[in-house]
Amino acid sequence: MKLFGKTREEILTAMQNEFDVVVIGGGITGAGILREATRQGLKTLLVEGHDFSSGTSSRSSKLVHGGLRYLNNKQYDVTYESVTEREFLLKQAPGLVDRAEFAYVANEDDKTPGWKFGLGILIYGAMAKKFILRHMSRNKMMQRFPLLSSPKLAGGFGYYDSFVDDSRLVLRVIQEAVADGGMAINYMMVRDLLKDANGKVTGVRVEDQTPEGGKATLEIRAKMVVSATGPWTDDIRAMMGQEKKIRPLIGSHIIVPRERFPIDTSFALVHPDDNRAMFILPWENVTMVGTTDLDVGDQIELDPSISADEVAYCLRLVNYNFPGVNLKKEDVITTFAGIRPIIDTGAPTPSQESRAHKIFEDAGLIQIAGGKLTTFRIMAKEVMEKVAAQLGRDYVFDKKVGMLDAMPSSKKGFGKELSRRLYGRYGKEAEAIFAMDAVKDRFADAPYSKAEVLHAVQNEGVVHLEDLMLRRLRFGLLVKEGGKAHLDEIRTLVAPYLDWDEKRWQSEISAYNDLWARAYRVK
């Protein structure tokens with residue numbers, strides 16, 4: 001089994017040498033920094049304490065968007081930056097980042113008047129240099145969307161944003177960084193920062209979290225250390241004796257089968273209880289509703305879960321606007337929750353906190369926190385400006401060069417849709433998937449081929465069954481009971497490539513089922 005072309009043993013051996021940069025954190029921010037640092041010719045290693053994208057970056061609303069709702073909080077800089085990056089990613093990653101039609105639903109009792117949202121869409125379109133506003137009357141909205149039948153419906157507006165598989169975006173960025181000479185390793189937990197006599201950070205002490213690693217520790221030396229640990233930013237800050245900066249907020253979603261709530265257009269709405277902006281989205285042949293926005297306090301769980309109150313909150317949003325659907329808790333097949341690493345500014349409510357990012361520098365350590373998935377390239381660029389200055393190197397950011405390699409538009413013999421999807425999600429590695437006989441052998445209830453399963457276990461650093469089921473592929477989100485019915489078939493398929501005995505297999509299956517029941521089952 002390899003980690004994007006290198007064995008784990010090869011990476012562990014290389015870790016005994018000094019690096020120019022060590023990046024802590026394998027979410028989208030850390031992945032982007034690894035990619036940009038490697039592109040600048042810096043010897044760079046990314047270490048992730050759990051699995052790549054296992055935190056916030058696998059638990060987003062699956063949107064690459066400008067943050068239209070941020071305009072309401074006057075966060076114009078965040079919106080403009082996000083809109084610009086969204087347009088860039090749409091051009092760069094077709095099949096991974098795809099344009100989606102949205103409709104804003106205006107109700108008579110909304111605290112924010114519909115005209116104000118329409119003005120926001122005009123500004124949104126101007127930022128993207130695409131004027132996208134389409135006003136729709138109540139009758140036109142009901143004709144266009146027959147399930148939308150609230151007696152309070154006043155009308156709406158049409159616009160667009162974009163979808164993404166967040167985990168696949170992270171994996172592709174890391175994969176291409178490694179292809180360019182970088183290194184990345186998962187399940188390698190940072191336990192402490194190394195410092196010289198003057199207190200300057202000179203590396204990290206890590207602990208191997210794999211079953212084979214036995215909690216072994218290793219010291220990794222580096223000229224610069226960058227922390228991109230999202231909700232766990234304050235853990236790294238504590239190693240420096242620094243005060244907390246993060247206000248962790250939980251955002252939760254529910255997922256129902258498409259046949260139970262069939263929509264083709266995404267909806268932006270405000271919740272009737274508190275006027276909070278929400279989404280109802282068709283994604284990967286399911287319908288997703290979210291997201292909530294609540295303070296979680298100091299106890300940040302690796303695998304947070306939705307509360308019963310949040311489930312009821314999401315169901316109320318649907319049934320208020322789509323009363324004929326009459327969605328019930330029993331209809332929900334999956335839930336998921338993620339922790340947002342928001343910079344604490346003391347705003348009265350979670351939704352009023354800015355989504356802007358911030359960079360902190362101190363004694364050889366650079367920390368970045370906050371921000372949005374959509375703007376990861378800009379965050380990487382700003383971190384690299386700091387790194388280059390610290391190392392005394394020149395750094396020129398080419399805004400025309402993206403994080404992802406250009407891919408062909410199609411593969412002969414595989415159809416436009418399949419070609420686009422695989423190239424988008426796997427980049428150049430798609431060629432290896434096309435070469436497998438199992439590439440057209442697809443699962444009936446999930447949008448994956450058996451070739452993708454085989455590719456993941458052979459090339460993408462799968463350490464635990466959850467890595468495969470929740471992040472390399474999304475059985476845990478898209479299939480009833482987290483894909484439990486597929487586990488025997490998947491085991492037969494991948495067993496030749498995983499050195500797991502019967503005891504290990506039973507342990508992995510039990511751990512995955514327990515995790516899914518705890519963090520993904522409806523409460």
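To keep things clear, this report deals only with the structure shown in the data block. (Residues numbered from 1 in each chain as written. Predicted model: local features only at pLDDT ≥ 70, side-chain atom pairs only at ≥ 80, totals over all residues. Heavy atoms only, no water.)

### Here we look at the overall build of the protein chain
Helix and strand content of the protein chain: 16 helices and 20 strands. Its C-alpha atoms give the protein chain a radius of gyration of 23 Å, within 12% of the compact-globule value 24 Å for 523 residues. Across its three principal axes, the protein chain shows a C-alpha extent of roughly 70 × 50 × 45 Å. Across the 523 residues that make up the protein chain, the buried fraction comes to 61%. Once local pairs closer than 6 in sequence are excluded, the contacts in the protein chain between residues at least 24 apart make up 71%. (Helix = DSSP H or I, 4+ residues; strand = E, 2+ residues; numbered from the N terminus. Rg over C-alpha atoms; globule rule 2.2 N^0.38 Å. Buried < 20%, exposed > 50% of the residue type's maximum accessible area, 1.4 Å probe, protein only. Contact = heavy atoms within 4.5 Å.)

### Focus on the side chain of S57
Following the sequence through the fold, S57 ends up in the loop between β4 (44-47) and β5 (63-64). From its side chain, S57 meets the backbone nitrogen of I28 in a polar contact 2.9 Å long. When sequence neighbours within four positions are dropped, the list of residues in contact with S57 reads G27, I28, D166, S167 and V170. (Polar contact = N/O pair within 3.5 Å; in protein donor to acceptor, adjacent residues only side chain to side chain.)

### Focus on the environment of E361
Within the element layout of this structure, E361 appears in strand β19 (residues 357-362). Taking the C-alpha atoms as reference points, E361 and V383, 22 residues apart in sequence, are found 9.8 Å from one another. Side-chain polar atoms of E361 contact the side chain of Q390, separated by 3.1 Å.

### Overview of the pattern of salt bridges
Two side chains carrying opposite charge are able to pair once their charged atoms lie near each other. Inspection of the entire model under this criterion finds 47 salt bridges. E243 is the partner of K245 in a salt bridge, and the nearest nitrogen-oxygen pair spans 3.3 Å. Residue classification places K245 among the partly exposed positions, given a relative accessible area of 23%. Through salt bridges that share partners, K62, D165, D166, E284, R421, R425 and R474 make up one connected network. (Salt bridge = Lys/Arg side-chain N within 4 Å of Asp/Glu carboxyl O.)

### A word on helix α16 (residues 502-519)
Here α16 is 18 residues long and its end C-alpha atoms lie 26 Å apart, about the 26 Å a rise of 1.5 Å per residue gives. Regarding α16, the residues found buried are R504, W505, E508, I509, Y512, L515, W516 and A519. On an axial view of α16, the arc spanned by its buried residues comes to 130°, and they lie on one face. Against the buried residues of α16 lie β18 (334-343), α13 (465-472), α14 (475-478) and α15 (487-494). (Expected span 1.5 Å × (residues − 1). Arc of directions from axis to C-beta.)

### Observations concerning the pairing of strand β20 (residues 365-370)
Counting buried positions along β20 gives 6 out of 6 residues, so the element sits mostly inside the fold. Of the strand pairs in this sheet, β19 and β20 are connected by 6 bridges, and their pairing is antiparallel. Each residue of the ladder has a partner; that of I359, found in β20, is I368. Hairpin geometry of β19 and β20 is characterised by an intervening segment of 2 residues between the two adjacent antiparallel strands and by a positive phi of about 50° at A363. (Pairing = 2+ DSSP bridges.)

### A few points about the packing of aromatic side chains
Aromatic ring pairs are defined here through the distance separating the ring centres and the angle between the ring planes. Counted under the stated rule, the structure contains 13 aromatic pairs. Measuring from centroid to centroid gives 6.0 Å for F102 and F279, while their planes differ by 85°, and the two rings are edge-to-face. One end of the pair, F102, is in strand β6 (residues 97-107); the other, F279, is in strand β15 (residues 277-283), with 177 residues separating them in the sequence. Relative accessible area serves as the criterion here: at 10%, F279 is assigned to the buried category. Of the aromatic side chains, those joined through ring pairs into one cluster are F102, Y159, F163 and F279. (Phe/Tyr/Trp six-rings, centres within 6.5 Å; stacked < 30°, edge-to-face > 60°.)

### Digging into the packing of α15 against α16
Between two packed helices, both the angle of their axes relative to each other and the distance between the axes serve to describe the pair. The geometry of α15 relative to α16 is characterised by a closest axis approach of 12 Å and an angle of 140° between their N-to-C directions. Viewed along their axes, α15 and α16 adopt a mutual orientation that is oblique. At the point where α15 passes α16, the crossing takes the right-handed sense. Contacts between α15 and α16 pair L487, R491 and V494 from the former with E502, W505, Q506, I509, Y512 and N513 from the latter. (Axes fitted to C-alpha atoms, helices over the stretch in contact; angles between N-to-C directions. Parallel < 35°, antiparallel > 145°, perpendicular 65-115°, else oblique. Left-handed = near helix turned anticlockwise from the far one by under 90°.)

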